[in-house]
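Below, each chain spelled out in residue letters.
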Amino acid sequence: MTQNFSRRRALLVCKAGYATEHLESMLVKLGLTVEYVPLEEGQAALSLNELDHHRDILFLDGDLPSPLGEAYGTTPPVPLIGLVGLEAPSRLKALLNAGATSFLKKPVHGSCVYSALFLGVNEHRMRFSLKKSAEKHEHKRHQRKALIKAILNLMEVNSIDDDTAYEMLRKESMKHRMNIEDYSQHLLDECSFRDVRYQSNH
């Protein structure tokens with residue numbers, strides 16, 4: 001769990017004013033640098049691709065119509081804390097869709113800032129970890145399908161059983177310095193199963 005937020009950068013996507021003055025001062029006390037993101041016709045002049053996921057934390061004003069522009073509705077690569085003025089379901093839903101993992105009620109009171117930071121940053125970390133885990137499992141599932149297809153193709157081309165086909169793949173993948181799943185995908189992509197011929201040791 002992240003508990004210390006010093007050396008982080010707080011990017012405030014909101015209009016500077018009475019609702020955020022306590023937020024800014026409390027963030028500085030907690031060791032963060034604070035920057036207001038320029039707004040152009042109510043939208044942030046900000047590219048999500050430029051954010052540093054090791055450092056940045058977004059504070060997003062839910063009262064702005066579409067503060068992230070085209071990126072609104074896309075989960076940002078950094079923690080996002082929603083600033084809530086009007087507690088309407090539509091505003092809260094919009095912030096959730098933007099990727100908010102924590103909220104602060106406007107006008108912001110300094111005593112609430114650390115709790116919102118703690119929840120927002122650690123919840124984002126957990127979501128990011130779960131997403132990476134899901135992507136990893138999906139990649140493994142795809143690799144298993146490639147391995148099975150490669151085994152079936154080698155069985156057909158060489159008229160051999162599945163154990164022999166698997167052993168062929170294992171040996172060939174070692175020769176090519178690839179893991180067996182990646183080598184199987186390579187064979188599928190190149191349609192080169194007839195180049196991998198079974199040679200009996202007897």
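Residues numbered from 1 in each chain as written. Predicted model: local features only at pLDDT ≥ 70, side-chain atom pairs only at ≥ 80, totals over all residues. Heavy atoms only, no water.

A word on the sheet that holds strand β2 (residues 33–36)
Pairing in this open sheet of 5 strands is parallel, and the strands run β2-β1-β5-β6-β7 from one edge to the other. Of all strands in the sheet, those bounded by a partner on one side alone are β2 and β7 (102–105). Strand-to-strand twist of the sheet, defined as the mean angle between neighbouring strand axes without regard to direction, takes the value 25°. Pairing of strand β1 (residues 9–13) with strand β5 (residues 56–61) involves 5 bridges; the strand directions are parallel. Opposite R9, over in β5, you have D56 as the bridge partner. Across the sheet, helix α2 (residues 89–98) touches β5, β6 (80–84) and β7, and the angle it forms with β6 is around 165°. Along the sheet, helix α3 (residues 113–158) contacts β5, β6 and β7; its crossing angle with β7, the most-contacted strand, is approximately 160°. (Pairing = 2+ DSSP bridges. Helix = DSSP H or I, 4+ residues; strand = E, 2+ residues; numbered from the N terminus. Axes fitted to C-alpha atoms, helices over the stretch in contact; angles between N-to-C directions. Contact = heavy atoms within 4.5 Å.)

Looking at the environment of M1
Positionally, M1 belongs in the segment before β1. Taking C-alpha positions, M1 is 8.8 Å from R125, a pair spaced 124 residues apart along the chain. If near-sequence neighbours (up to four positions away) are discounted, M1 is found in contact with F118, N122 and R125.

A closer look at the packing of aromatic side chains
On inspection of all chains with the given rule, the structure shows 2 aromatic pairs. For the pair Y114 and F118, a centre-to-centre distance of 6.3 Å together with 35° between the ring planes defines the contact as tilted. Separated by 4 residues within a single helix, Y114 and F118 lie in helix α3, roughly one turn from each other. Given the relative accessible area of 28%, F118 is considered partly exposed. (Phe/Tyr/Trp six-rings, centres within 6.5 Å; stacked < 30°, edge-to-face > 60°. Buried < 20%, exposed > 50% of the residue type's maximum accessible area, 1.4 Å probe, protein only.)

Re the packing of α3 against helix α5 (residues 180–190)
Look at α3 against α5: their axes get within 8 Å of each other, and the N-to-C directions meet at 60°. Viewed along their axes, α3 and α5 adopt a mutual orientation that is oblique. The interaxial crossing formed by α3 with α5 has left-handed handedness. Contact residues: H142, Q143, A146, L147, K149, A150 and N153 in α3; I180, E181, D182, S184, Q185 and L188 in α5. (Parallel < 35°, antiparallel > 145°, perpendicular 65-115°, else oblique. Left-handed = near helix turned anticlockwise from the far one by under 90°.)

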